[in-house]
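For reference, the chains in residue letters:
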Amino acid sequence: MDEHSVFLPRAEATRLLQALKGAGFDRILGPVAREGTLLFQPVKRWEELPMGIRDVQQPGSYRLQQQEGSRCFAWANGAQALKPLTFTPREIIWRAQRSVEGHLSFESAQESPEPTAVVGVRACDLAALDLQERHFMHGRFPDPWFRKRREALFLVGVSCSHPADTCFCASTGDGPAITRGHDLGMAELDEGYLLWAGTQAGRTLLERLDLDEATASQRRAVEKETHQATVTQSRTLPGRHLKQGLYERLQAGHWADVGERCLSCGNCTAVCPTCFCHMEMDEPALNGGTSEHLRQWSSCFNAEHSFMGHFVVRSDTRLRYRQWLTHKLGSWHEQYGRSGCVGCGRCITWCPVGIDITAEAHALLQEAPDA
Amino acid sequence: MREPTDLPWEARITSRVQETRDIFSVKLELVDPGIRETYRSYPGQYNMLYLFGVGEVPISIVSDPDDAGPLEHTIRAVGRVTHGLERLRVGDTLGLRGPYGRGWPLQAAQGRNVVVISGGLGCAPVVSMIRYMLRRRDDYGQITILQGVKHSNDLIWRRQYQEWEKIRDVQVLLASDQGGPQWPFSVGNVTVLMEKAIIPPEDTVAVLCGPEPMMKAAIPRLLERDVDPFHIWLSIERNMQCGIGHCGHCQVGPHFICQDGPVFRYPDIADWIDREGF
Ligand SMILES: Cc1cc2nc3c(=O)[nH]c(=O)nc-3n(C[C@H](O)[C@H](O)[C@H](O)COP(=O)(O)OP(=O)(O)OC[C@H]3O[C@@H](n4cnc5c(N)ncnc54)[C@H](O)[C@@H]3O)c2cc1C
Ligand code: SF4
Ligand code: SF4
Ligand code: FES
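Residues numbered from 1 in each chain as written. Chains lettered and ligands numbered in written order. Predicted model: local features only at pLDDT ≥ 70, side-chain atom pairs only at ≥ 80, totals over all residues. Heavy atoms only, no water.

## Concerning the overall build of chain B
Then, number 1: Assigned secondary structure in chain B consists of eight helices and 15 strands.
Then, number 2: Over its C-alpha atoms chain B spans a radius of gyration of 18 Å, differing by no more than 12% from the 19 Å that the globule rule assigns to 278 residues.
Then, number 3: In terms of its C-alpha atoms, chain B occupies a principal-axis envelope of roughly 50 × 45 × 35 Å.
Then, number 4: Across the 278 residues of chain B, 62% fall into the buried class.
Then, number 5: In chain B, of all internal contacts separated by at least 6 residues, the share reaching a separation of at least 24 is 69%.
Then, number 6: For chain B, the computed accessible surface area is about 11000 Å², with 47% contributed by carbon and sulfur atoms.
Then, number 7: Looking at charge distribution, chain B has the averaged site of its 30 positive side-chain charges lying 4 Å from that of its 35 negative ones. (Helix = DSSP H or I, 4+ residues; strand = E, 2+ residues; numbered from the N terminus. Rg over C-alpha atoms; globule rule 2.2 N^0.38 Å. Buried < 20%, exposed > 50% of the residue type's maximum accessible area, 1.4 Å probe, protein only. Contact = heavy atoms within 4.5 Å. Areas by Shrake-Rupley, 256 points an atom, 1.4 Å probe, with all protein chains shown as cover. Lys, Arg positive; Asp, Glu negative; His and termini not counted. Charge placed at Lys NZ, Arg CZ, Asp CG, Glu CD.)

This is how it looks when you write it as C-alpha cells:
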C-alpha cells in the first residue's frame, strides 16, 4: 500500500478482471476452492473467488471452512504458490530426432506461453518467485523455459489479513504485506479493495480503471489489519541467518530424532515454493524416430537424488532431512544471498506427520555445537 | 561462441577402442563444422553425452584442448546410458553438449612441480592435464604420476604410462590392489606409492581424482610431506542431471559440482567431503 492507493468498491471488483483482459491477458488465474484446497484456476468473474472461505492449517492438516462474509481473501494460502506456473512439474524441454540414416537433430520444445495475469498472489509467493528467478534466470545459464513463462506473468499481489497458524513470513521478513515483486498490490477491506502499482504495467492498468483515491481512513484500516496479521503469527525461525548455527551442528542428535519421524516422502519439497530440484529423463516415441527429453520435479528426500551407481550419498532419512534443512536455511545464503525459506508454512501443513521446520530449527539450535 | 545451454549437438564416433572388458574410449567429431571450430575445452572439464532415447551422462574430456582433432572420452559401462553408449560403433551418432565446469589449475601449476594422484577411472580427467603439461614440458618442474587400480586388468593406457615415464623428470608409479602374473608394478592401494613418490615440498601442486576414500587417504600424506593445502586440488563427482546449475542434484554444501567444480581447491571443499551425507 502507498499514498497513491486507489479504491475499488466490492460491487465493481470484476472490473479489475475486465481491465486485465483488456490489457491483453487472455488467461486470468485466481484462487478457487478445489480439491480441498485453494488452487490458481482461470476466473472470469469476481464471484468465482473463494468468498467467505477460511482455511484452518495445522501441522499435517489443512481444512477449508465456509463462513459468513463477503471477503475473498480471508485465508492464507493453498498447497501451491506460483511455482508450477514458471517451473512446471513436468515438461518437455527438447526433442531429439533420428533420421533413417542415423542423423540426430535437436529442437527446443519451447512454446510461447500465454500472457497470464494472476490475482491474489501472497507476499511469500512473490518472495519465493524472486528466489526462483535468482536460481533459474540470473545464473550463468539463464533458463529459457522459465524466463519465457516468467515474462508472460502479470502479478496482482494481495496483502494477508488472515494468516494461518502455520505462517511465519513476519519472522523471515517476507510478509504479510505486499511490498515488492508485484505489478499491482491489493488489500481487502469489507467494502472493497485498495490497489497500488508496483511496476509501469501496473500503473497503466490502474489508469485504465480510473478509480478514486483511497481515503485516509481506508488506508489506516489496511495498516491495522496488516499489523494484526503480523502480530498474530506465533511461529518464528530462530533468526534469519541460520547458516553458521546449522553448520556448527551437523552432528547434532536432533537430526536422528527428526529422521525417525520423517517419512522421506518429499511432500515438503513439492509444496515448497523455492525448491528447484528436478531430474531429467527421456521418453522415446514408439516409432523410434523421436525422443522427448523431459524434466520433472524431484526431491532431495529421494534416493535417486544422490545416487552414484555404486552408492547413495544420502542413504538414510536423517541425512536427507539434514540436506533439506541445511540447504534451505543455510547454504541458500551462500548461493542466493538469503535464506531459501519465505515462511509460507506449506511444508508444515502438508507434511503427513506434521514435522515443523520452525520447531526443528529451534530444537537444533538449542543443542551444543559439534565438538 | 554459442553458449552451450539448452540443446545437445550431433557428434559422430570416428574411432573406438575397447580398453578393458567394461571400459572403452571413443573419439567424437562434432558434425556441424561451425560448432566444431568454435568448441574449446579445458583439461578437467566434462561434456554431457546423450544416447538417443535413453538419456544424458557427464563424462570427462580426455583429449588435449589444443588438439584440433576429435574429442576423446573414456567410459566405463555401468548402467543404462553407459551400457548403451558402449554398443555404439564408428560412424554412429550421439548428442553432446558442453564443455562444462571448472577444470584443473593449469595457471597455478605453471612453473611448479606437479603430483598427479588418481584411482580407477579417476585417471580419465587427469589424463588431459598430463598430456597438456607434457606438451609444454618446460613450463612445469618435476611431474609425478601415481595411478592405482582395483585389479591389474583394470589398468588402461599402460603403453602411455610407459612412454610418459621416459620423459625427463617424470616419475610414473602404478599400483593395483590385486596384482597378477602380468603385473610388474606395486601391489596395494595408491597411497602405498606415496612412499616412493618424488614430492618436492617446495612449490608442488597436487591434483587428485578418483574415489573419495582414496583421495581422503592421500591428502594427509601430502600434508605430511609439506605440500601446501592451497596447492591441493580435487575433482569431485556427484549425481548430475543438467550440468548447468539448475537441477540441484550435484550440490555438496553450497557448491554446485557441475559449475563450481568438478575441480576444487582442497580447503574450499574439505569441510564437506569429510562429512557423511554431503
Ligand atoms: C564430472 C563427472 C565426470 C565423469 N567422468 C566420467 C568419465 O570420464 N568416464 C566415466 O566412465 N564416467 C564418468 N563419470 C561417471 C558417469 O557420469 C556415470 O558413470 C554415469 O552417469 C552412469 O550413468 P548410467 O546411466 O550408465 O548408469 P545408471 O546406474 O543407470 O545411472 C543412473 C543415473 O545415476 C546417475 N549416476 C550414476 N552413477 C553416477 C556417477 N558415478 N557419477 C554421477 N552420476 C551418476 C546419473 O544421473 C545416471 O544417469 C563422471 C561423472 C561426473 C559427475
Ligand atoms: S521451507 Fe516450508 S515454510 Fe519455508 S518456504 Fe519452503 S514450504 Fe514455505
Ligand atoms: S532442499 Fe532439497 S529438494 Fe529443495 S532445493 Fe535443496 S536440495 Fe533441492
Ligand atoms: S548437475 Fe544439475 S545442478 Fe549441477
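Next comes the rest of the write-up.
## Describing the nonpolar core
Then, number 1: By size, the foremost hydrophobic cluster in this structure holds 77 residues, and its most contacted members are Leu82(A), Val118(A), Ile117(B), Leu208(B), Leu222(B), Ile232(B) and Leu234(B).
Then, number 2: By residue number, the principal contributor to this core is helix H3 (residues 123-136) of chain A, which donates eight residues.
Then, number 3: For Leu222(B), the residues in contact, after removing those within four places along its chain, are Ile117(B), Met194(B), Ile199(B), Ala206(B), Leu208(B), Val227(B) and Ile232(B).
Then, number 4: Membership of the second largest hydrophobic core comes to 34 residues, among which are Ala109(B), Met133(B), Val207(B) and Cys209(B). (Core = buried A, V, L, I, M, F, W, Y, C linked by side-chain atoms within 4.5 Å.)

## Observations concerning helix H13 (residues 357-366) of chain A
All names here are of chain A.
Then, number 1: For H13, the full list of buried residues reads Ile357, Thr358, Glu360, Ala361 and Leu364. Down the axis of H13, the sector holding all buried residues measures 165°, keeping them to one side.
Then, number 2: Against the buried residues of H13 lie helix H8 (243-247), helix H9 (254-261), helix H11 (317-336) and helix H12 (346-349). (Arc of directions from axis to C-beta.)

## Description of the site of ligand 2
Then, number 1: Close contacts around ligand 2 come from 13 residues, with Cys272(A), Cys341(A), Cys344(A), Gly345(A) and Cys347(A) the closest.
Then, number 2: A per-class count over the shell around ligand 2 returns nine nonpolar, two polar and two charged. (Near = heavy atom within 4 Å. Nonpolar A, V, L, I, M, F, W, Y, C, P; charged D, E, K, R; others polar.)

## Examining the sheet that holds strand E13 (residues 278-284) of chain A
Residue and element names in this part refer to chain A.
Then, number 1: Read across the sheet, four strands follow the order E7-E6-E14-E13 without closing on themselves; strand pairing throughout is antiparallel. Looking at strand neighbours, the two that pair on one side only are strand E7 (104-108) and E13, the edges of this open sheet. For this sheet, the mean inter-axis angle between neighbouring strands, taken without regard to orientation, is 25°.
Then, number 2: Of the pairings in the sheet, the one linking strand E6 (residues 90-98) to strand E14 (residues 290-297) comprises seven bridges and is antiparallel in character. Each bridged residue has a counterpart across the sheet, and for Arg90 the counterpart in E14 is Gln296.
Then, number 3: The strands touched by helix H4 (residues 144-151) within the sheet are E6, E7 and E14, with E6 carrying the most contacts at an inclination of about 130°. (Pairing = 2+ DSSP bridges. Axes fitted to C-alpha atoms, helices over the stretch in contact; angles between N-to-C directions.)

## What to know about the site of ligand 1
Then, number 1: For ligand 1, the set of nearby residues contains 22 residues, the closest of which are Pro58(B), Ser60(B), Thr74(B), Arg76(B) and Thr82(B).
Then, number 2: Residues lining ligand 1 come from chains A and B.
Then, number 3: Gly309(A) places a main-chain nitrogen or oxygen 3.4 Å from a nitrogen atom of ligand 1.
Then, number 4: Note that an oxygen atom of ligand 1 is positioned 2.7 Å from one of the backbone N or O atoms of Pro58(B).
Then, number 5: Protein contact buries 87% of the 830 Å² of open area that ligand 1 shows by itself.
Then, number 6: At four residues, the largest contribution of residues to the shell around ligand 1 is made by strand E4 (residues 55-60) of chain B.
Then, number 7: Classifying every residue of the shell around ligand 1 gives 11 nonpolar, seven polar and four charged. (Polar contact = N/O pair within 3.5 Å; in protein donor to acceptor, adjacent residues only side chain to side chain.)

## Notes on the state of the cysteines
Residues and elements named next belong to chain A.
Then, number 1: According to the stated counting rule, one finds zero disulfides over all chains in the structure shown.
Then, number 2: Note on Cys160: no disulfide assigned, nearest cysteine sulfur contributed by Cys169 at a separation of 6.2 Å.
Then, number 3: Its relative accessible area of 11% is what places Cys160 among the buried residues.
Then, number 4: No disulfide involves Cys167; its sulfur sits 6.0 Å from that of Cys169, the nearest cysteine.
Then, number 5: Assessed through its relative accessible area of 8%, Cys167 is described here as buried. (Disulfide = S-S within 2.5 Å.)

## Topic: the environment of Arg76(B)
All names here are of chain B.
Then, number 1: Following the sequence through the fold, Arg76 ends up in strand E5 (residues 71-76).
Then, number 2: For the pair formed by Arg76 and Ser63, sequence separation is 13 residues and the distance between their alpha carbons is 17 Å.
Then, number 3: For Arg76, the residues in contact, after removing those within four places along its chain, are Asp22, Ile23, Thr82 and Leu121.
Then, number 4: Polar side-chain contacts of Arg76 include one of 3.3 Å to the side chain of Asp22.

## As for the interface of chain A and chain B
Then, number 1: With 51 residues of chain A at the interface, the matching set in chain B holds 42 residues.
Then, number 2: Summing both partners gives a buried area of about 3700 Å² for chain A against chain B, and 56% of it is carried by carbon and sulfur.
Then, number 3: For the chain A face of the interface with chain B, the top three residues by lost area are Leu104(A), Phe106(A) and Phe141(A), together amounting to 20%.
Then, number 4: The tally of links between chain A and chain B comes to one salt bridge. (Buried area = accessible area lost by both parts, 1.4 Å probe. Salt bridge = Lys/Arg side-chain N within 4 Å of Asp/Glu carboxyl O.)

## Section: the side chain of His255(B)
Then, number 1: Looking at where His255(B) falls in the secondary structure, it is placed in strand E14 (residues 255-256).
Then, number 2: His255(B) sits in the buried class, given a relative accessible area of 15%.
Then, number 3: Side-chain polar atoms of His255(B) contact the backbone oxygen of Asp268(B), separated by 3.0 Å.
Then, number 4: Among residues more than four places away in sequence, those in contact with His255(B) are Gln335(A), Cys250(B), Asp260(B), Phe264(B), Asp268(B), Ile269(B) and Trp272(B).

## Considering the pairing of strand E9 (residues 153-158) of chain A
All names here are of chain A.
Then, number 1: Of all six residues that make up E9, six are buried, and the element is covered over most of its length.
Then, number 2: Burial of the side chains of E9 extends over both faces: Leu153, Leu155 and Gly157 are buried on one face and Phe154, Val156 and Val158 on the other.
Then, number 3: Bridge count for strand E8 (residues 116-121) against E9 is five bridges, and the pairing is parallel. Its bridge partner lying in E9, Val118 is registered against Leu155.
Then, number 4: Pairing between E9 and strand E10 (residues 184-189): three bridges, direction parallel. Paired with Val158 across the strands is Met186, a residue of E10.

## Here's the deal with the environment of Leu16(A)
Then, number 1: Here Leu16(A) shows up in helix H1 (residues 14-22).
Then, number 2: When neighbours within four sequence positions are excluded, Leu16(A) is seen to be in contact with Leu8(A), Trp46(A), Val156(A), Leu184(A), Met186(A), Leu205(A) and Leu209(A).

## Remarks on the pattern of salt bridges
All names here are of chain A.
Then, number 1: In this structure the tally under the stated criterion is 31 salt bridges over all chains.
Then, number 2: Across the pair Arg45 and Glu48 runs a salt bridge, and its minimum N-O distance is 4.0 Å.
Then, number 3: You can call Arg45 partly exposed: its relative accessible area is 45%.
Then, number 4: Notably, a salt bridge pairs Arg71 with Glu225, separated by 2.8 Å at the nearest N-O pair. Here the residue Arg71 occupies a position in the loop between strand E5 (61-66) and helix H2 (83-86), and Glu225 occupies one in helix H7 (residues 216-231), the gap between them amounting to 154 residues.
Then, number 5: Overall, the relative accessible area of 11% leaves Arg71 in the buried class.

Functional significance is not addressed by these values, which are geometric in nature.
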